[in-house]
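Here is how the chains run, residue by residue.
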Amino acid sequence: MDSLPKEDSQSRVDGFWITYKVPLILGAISIFVVIISLVLLVKSTQTTTPIQFTGHDNVAGTASASLKTMTVDIEGAVATAGVYGLPSGARVEDAIEAGGGLTGDADTEYIAKNINRAMKVTDGMKIYIPFMGETSHIITPLLRSPDGSSQNGGGVSVNSSSKEQLDSLAGVGPVTAQKIIDNRPYSSLEDLVAKKAIGPSLFEKLKNQLSL
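Residues numbered from 1 in each chain as written. Predicted model: local features only at pLDDT ≥ 70, side-chain atom pairs only at ≥ 80, totals over all residues. Heavy atoms only, no water.

Observations concerning the overall build of the chain
Helix and strand counts for the chain stand at 8 helices and 7 strands. Contacts in the chain between residues far apart in sequence, at least 24 positions, make up 48% of those at least 6 positions apart. (Helix = DSSP H or I, 4+ residues; strand = E, 2+ residues; numbered from the N terminus. Contact = heavy atoms within 4.5 Å.)

Dropping the structure here:
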């Protein structure tokens, strides 16, 4: 008599399993897939790249580099003549733009022939842009360094003269003139020899006729 309830219970379990076997298996598989997906998602969001901190020295160095400026005096035929601060490595063209650009009465022909707008400026440099009609009366150099040395003027400029102007020098032919142009810019006249634009003997003959 006692075995009947046990058999009845077992038969119910067997019946339940037979009836719901497929849904139970599918449900278990779904739960397993969800768990695997969550694990993979967590791993994919993790990074192995170490966190990098910017050191105080790097910040100070960057700030210092950005603060380096040069003071340049731009006068003459520019929209707003005056003294301007330019970043390190600035060119004559940057100084002209800082002054508001050339005015309509600037002597553009003379500028094109005699002023090297790609030349780097130095701290304290004075740049004069001539007006139309006054270039024949200019005596002082158009570009002058703070130490008083001429940047162009007082001789044939090795940094801004045209090929024809350089070719007009005694002992300088078209080939040498082109070599001088190709090796620009020059920070000193001696750079002509150092950069092998001209030889030492020719330099000694011409140095009094040249300027930067």
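A look at the packing of aromatic side chains
Scanning the entire structure with this criterion turns up 0 aromatic pairs. The lysine or arginine in question, Lys195, covers the ring of Tyr186, its NZ or CZ lying 5.2 Å from the ring centre. (Phe/Tyr/Trp six-rings, centres within 6.5 Å; stacked < 30°, edge-to-face > 60°. Lys NZ or Arg CZ within 6 Å of the ring centre and 35° of its normal.)

Focus: the side chain of Asn116
For Asn116, the position within the fold is in the loop between α4 (108-114) and β3 (126-129). There is a polar contact of 3.1 Å between the side chain of Asn116 and the backbone nitrogen of Ala118. At 2.7 Å, the side chain of Asn116 forms a polar contact with the backbone oxygen of Asn159. Not counting residues within four places of it along the chain, the set of residues in contact with Asn116 comprises Val92, Asn159 and Ser160. (Polar contact = N/O pair within 3.5 Å; in protein donor to acceptor, adjacent residues only side chain to side chain.)

Comments concerning the confidence of the model for the chain
Mean pLDDT over the chain: 77, with 72% of residues reaching 70 or higher. Below pLDDT 50 for its whole length, residues 59-66 participates in 1 contact with residues either more than four positions away or in separate chains. (pLDDT = per-residue confidence, 0-100.)

A look at the pairing of strand β1 (residues 69-76)
It is a general feature of regular strands that their side chains alternate between the two faces of the sheet. Bridge count between β1 and strand β2 (residues 82-87): 6 bridges; the pairing is antiparallel. Each bridged residue has a counterpart across the sheet, and for Asp73 the counterpart in β2 is Val83. Linking two consecutive strands that pair antiparallel, namely β1 and β2, is a turn of 5 residues. Here 4 bridges tie β1 to β3, and the two strands are oriented parallel to one another. By the bridge assignment for β3, Glu75 is matched with Tyr128. (Pairing = 2+ DSSP bridges.)

Focus: unusual backbone geometry
With omega at 0 degrees, the peptide bond leading from Arg184 into Pro185 counts as cis. With respect to the helices, strands and loops of the structure, Pro185 is situated in the loop between α6 (174-182) and α7 (191-194). Unlike most non-glycine residues, Lys196 shows phi in positive territory, near 60 degrees. Note that Lys196 resides in the loop between α7 and α8 (200-206).

Section: the pattern of salt bridges
Scanning the entire structure with this criterion turns up 3 salt bridges. Among the salt bridges present, the one from Asp73 reaches Lys126, with a minimum N-O distance of 3.0 Å. In this pair, Asp73 is assigned in strand β1 and Lys126 in strand β3, connecting sequence segments 53 residues apart. What makes Asp73 buried here is its relative accessible area of 18%. The partly exposed category is assigned to Lys126, whose relative accessible area is 36%. (Salt bridge = Lys/Arg side-chain N within 4 Å of Asp/Glu carboxyl O. Buried < 20%, exposed > 50% of the residue type's maximum accessible area, 1.4 Å probe, protein only.)

Focus: a nonpolar patch on the surface
On the surface, Val22, Ile25, Leu26, Ile29, Phe32, Val33, Ile36 and Leu40 cluster together to form a nonpolar patch covering roughly 760 Å² of accessible area. Counting through the fold element by element, Ile25 comes out in helix α1 (residues 3-45). (Patch = residues over 30% accessible without salt bridge, like charges linked within 9 Å, V, L, I, M, F, W, Y side chains within 5 Å. Areas by Shrake-Rupley, 256 points an atom, 1.4 Å probe, with all protein chains shown as cover.)

Side note on the nonpolar core
Val92, Val121, Ile127 and Ile129 are the most contacted members of the largest nonpolar core, which has 18 residues in total. Of all the elements in the fold, those that place two or more residues in this core are β1, α3 (92-98) and β3. Discounting residues that sit within four places of it in the chain, Val121 has contacts with Met70, Val72, Leu86, Ala90, Arg91, Val92 and Ile127. Listed in part, the 17 residues of the second largest apolar core include Leu192, Phe203, Leu210 and Leu212. (Core = buried A, V, L, I, M, F, W, Y, C linked by side-chain atoms within 4.5 Å.)

Let's talk about α6
Among the residues of α6, Thr176, Ala177 and Ile180 are the ones counted as buried. Down the axis of α6, the buried set is contained in an arc of 105 degrees. They therefore lie on one face. Among the exposed residues of α6, those oriented more than 90 degrees off its buried face are Val175 and Asp182. (Arc of directions from axis to C-beta.)

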